[in-house]
2 protein chains.
Amino acid sequence: MDVKQYMQTLGRQAREASRAVARADTNQKNLALLKMAEAIERDAAKLLAANAQDMAHARSAGYDTALLDRLQLTEKTVAAMAEGLRQIAALPDPVGEIDDLKYRPSGIQVGKMRVPLGVIGIIYEARPNVTADAAGLCLKSGNAAILRGGSEAIHSNQAIAACVKEGLASAGLPDTAVQVIGTTDRAAVGELITMRDYVDVIVPRGGKGLIERLMNEARIPVIKHLHGVCHVYVDDRADLAKAVKIADNAKTSRYGTCNTMETLLVAEAVAREALPRIAEIYRTKGVEMRGCDKSRAIVPDMKTATEADWAEEYLAPIIAIRVVADMDAAIAHINTYGSQHTDSIVTEDYTRARRFLREVDSSSVMVNASTRFADGFEYGLGAEIGISTDKIHARGPVGLEGLTSQKWIVLGDGHTRG
Amino acid sequence: MDVKQYMQTLGRQAREASRAVARADTNQKNLALLKMAEAIERDAAKLLAANAQDMAHARSAGYDTALLDRLQLTEKTVAAMAEGLRQIAALPDPVGEIDDLKYRPSGIQVGKMRVPLGVIGIIYEARPNVTADAAGLCLKSGNAAILRGGSEAIHSNQAIAACVKEGLASAGLPDTAVQVIGTTDRAAVGELITMRDYVDVIVPRGGKGLIERLMNEARIPVIKHLHGVCHVYVDDRADLAKAVKIADNAKTSRYGTCNTMETLLVAEAVAREALPRIAEIYRTKGVEMRGCDKSRAIVPDMKTATEADWAEEYLAPIIAIRVVADMDAAIAHINTYGSQHTDSIVTEDYTRARRFLREVDSSSVMVNASTRFADGFEYGLGAEIGISTDKIHARGPVGLEGLTSQKWIVLGDGHTRG
């Protein structure tokens, strides 16, 4: 197969389909989503069989358990996929929403209308359920999608794609509105991220290697998620009961998520009181602590943190701990080593809370709350396609609105400009 | 001079200064803007002398009149620069604005705070007044700026930069918050558009060559303005008096602006009535008409339009004219040949007006109004840094809000995620 030609065809078809889905009304899009869900439930056995094929290949190729975990579909995850599509159908439709329609001195009326981005390219790895999720979110937001899943999930993804296409067709929409790339050739990604005429934005859901490649090679805007080096800062005016609860939850409720705290900062004035209480929890739960000298003077069984620890996203039961002079030092640390993902202060001080909110330049900034809340569902977006650590377009959890943009509309009555 | 090292220094300084301007309150930023305006007025003679130097070089280098026009400063344009800065000071400050702060079922309160982008790189050409404009808009929106003007304007730009720096310093802000690149070496642009650690977004204000270079070489998000192939479609349900007025204004009020109509589309059913009236105006004003066969059958003194004319941005007294079957054909033409800048329908039909607004995928879509209204001042933005033809982040005229983004804020009371 000529990959370039194949991708150009996909692109052309997506561009054409994008006009139909942009025009589609809410009922039509919801019908397609419900029909996709039905097809997935009906074809559950087929999906599991296709997935079994992928699992067998992955096992014989010697992939690790973590990948096999992500790759595996079960009756429960198949049902969850269908349920996810129904939830997307239940979300309000952002497309066509008109804001701020105001009269101007010239007599024209000016406002903004929310519109789809056009064609979205999504690149992801092992989890096959992303295929259904991404298809649903792109469709509901009025976009066409070209999906590129991990090569290890190709059979699962194609089986899900068949259900998605069936749903689109049942609702009278072009089944090219969602296309799952049918080749595992890496060159297909190279085409996808440079087809400027056909793709409007790329959303990668993958590791650092993928993001690095996109930053160097993409010729299309990317809504990217770099990594999550999240902080909790325990201020010297913190309510320590809250601090202990948050330090526990932010680190130990899940180790592998990007909104997990990786570094705990504690104000010097309360370190002696706070650190032993927090350390006791980590010790009990088997979290390895790596501290600065001042932290280790208080909790001697910590390992020594090196400079590299401050910038590390462990995604594991390991935490870096540093005693800082005050909030300014904490903010300076976060701005130096953080990844602008999610950072939280624990304090009862009104002025410091306001300053922290304003001065920490991260996609989510919190007061007296666990970093684990940084999530599309928790924020009320209904669903998320990912979490952006970029600064333009969308920051933080990206839901339906993040897959749209606003154009200007002008209503006149024969108005001309003087 | 080692350009790479020089640019890295500028970048590091800008990043550091960006934190101070992000924190600065409205009064401090406004004070800086007013002090810049004062300095420009006081130094008017110096600015004109520096400009005379640039003009002399440009003349001896044989630049064309259009460029000399754009390059020249006069007492009037210097006064306008100062006035522009005062107008920016009078605009509401977008930074820190909090939207939609809502309680979630978990008990946390979630909202969005408007925040600066960080460091903005602006690349522009001959007009030295952009230096003051861009400095003012970036500062008011809480951003640091690195400005790269045209090499032909280097003395003018450095003189303006001195006034800008004085204004910043008088208000207690770091004078590195706005830096004008002091070398005309083209390699400086190459550095600027790839210094990911120091620059958050690039805003080019220049011709196609510059944009092409950025699309290929930039490793930083670009808010770009490609070109303006704008349309007016005269529907068969148009009020022809309005159609004639709009067709006149959209084309002839100014020929060189990006929101000028370049192609007129007329519904077949009214072409015989509408075209001669519109052609009469163009004929009188010396606008060259290039029509399709059907147009030429009605107005025989038109030239023949070729396929290339439909995609042309003339920026000149030339217009392409095409008779189309109906609105669907007009929308198809616009989607095929347009540049997604600004397109307008003239119609009295309610349903068609709504469909046109929804289905034309341009940054400004209008009903019964001249495309010439697509402008930051006309839209009430107060000022604009440019007009974006991109689809993500900001579409259409970009004012202060377009130079900001929104982060999430979460307010809790010791909340943890279950």
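Per an unreviewed UniProt entry, chain A is named Gamma-glutamyl phosphate reductase, and its organism is Sulfuritortus calidifontis. UniProt, in the comment section headed Function (unreviewed entry), describes chain A in these words: "Catalyzes the NADPH-dependent reduction of L-glutamate 5-phosphate into L-glutamate 5-semialdehyde and phosphate. The product spontaneously undergoes cyclization to form 1-pyrroline-5-carboxylate." According to the UniProt record, the Subcellular location (unreviewed entry) comment for chain A is "Cytoplasm".

Check the secondary structure of chain A and you find 14 helices and 16 strands. Computed over the C-alpha atoms, the radius of gyration of chain A is 24 Å, within 12% of the 22 Å expected from 2.2 N^0.38 for a compact globule of 418 residues. If you line up chain A on its principal axes, its C-alpha atoms span 70 × 65 × 35 Å. Long-range contacts, defined here as pairs at least 24 residues apart, represent 73% of the contacts in chain A between residues at least 6 apart. If you sum the accessible surface of chain A, you get close to 15700 Å²; carbon and sulfur atoms cover 48% of it.

Attention shifts here to the nonpolar core. Counting residues in hydrophobic clusters, the biggest one holds 107 residues, and the most contacted among them are Ile40(A), Ile122(A), Leu147(A), Ile40(B), Ile122(B) and Leu147(B). Residues in contact with Ile40(B), not counting those within four places in the same chain, are Leu47(B), Val78(B), Met81(B), Ala82(B), Leu85(B), Ala132(B) and Cys163(B).

This part covers the sheet that holds strand β2 (residues 109-116) of chain A. Spatially, β1(A)-β2(A)-β16(A)-β13(B)-β12(B)-β7(B)-β8(B)-β11(B)-β9(B)-β10(B) is the arrangement adopted by the ten strands of the open sheet, whose pairing is mixed. One side of each edge strand has no neighbouring strand; the edge strands of this open sheet are β1 (98-103) of chain A together with β10 (303-304) of chain B. Here strand β7 (residues 230-234) of chain B pairs with strand β8 (residues 261-267) of chain B via five bridges, running parallel. Bridging across to β8(B), Cys230(B) finds its partner in Met261(B).

Across the contact, 69 residues belong to chain B and 69 residues belong to chain A. Looking at the side of chain B facing chain A, the largest losses of area belong to Arg358(B), Trp408(B) and Arg417(B), adding up to 15% of the total buried there. At the junction of chain B and chain A, the tally comes to ten salt bridges. Between Lys242(A) and Asp413(B) there is a salt bridge, and its shortest N-O distance comes to 2.6 Å. The set of elements that each furnish at least two residues to the side of chain B that touches chain A consists of α1 (3-23), β2 (109-116), α9 (208-217), α10 (240-252), α14 (350-359), β13 (364-369), β15 (396-398) and β16 (404-415) of chain B. Per-element accounting of the side of chain B that touches chain A gives the leading share, eleven residues, to β16(B). The residue inventory of the side of chain B that touches chain A, partitioned by class, reads 28 nonpolar, 20 polar and 21 charged. The sheet contact formed by strand β13 (residues 364-369) of chain A and β16(B) spans five bridges and is parallel. Among the inter-strand pairings, Ser364(A) is bridged to a residue of β16(B), identified as Trp408(B).

Conventions used here
Residues numbered from 1 in each chain as written. Chains lettered and ligands numbered in written order. Predicted model: local features only at pLDDT ≥ 70, side-chain atom pairs only at ≥ 80, totals over all residues. Heavy atoms only, no water. UniProt positions renumbered as here; feature names shortened; annotations may be inferred. Helix = DSSP H or I, 4+ residues; strand = E, 2+ residues; numbered from the N terminus. Rg over C-alpha atoms; globule rule 2.2 N^0.38 Å. Contact = heavy atoms within 4.5 Å. Areas by Shrake-Rupley, 256 points an atom, 1.4 Å probe, with all protein chains shown as cover. Core = buried A, V, L, I, M, F, W, Y, C linked by side-chain atoms within 4.5 Å. Buried < 20%, exposed > 50% of the residue type's maximum accessible area, 1.4 Å probe, protein only. Pairing = 2+ DSSP bridges. Buried area = accessible area lost by both parts, 1.4 Å probe. Salt bridge = Lys/Arg side-chain N within 4 Å of Asp/Glu carboxyl O. Nonpolar A, V, L, I, M, F, W, Y, C, P; charged D, E, K, R; others polar.

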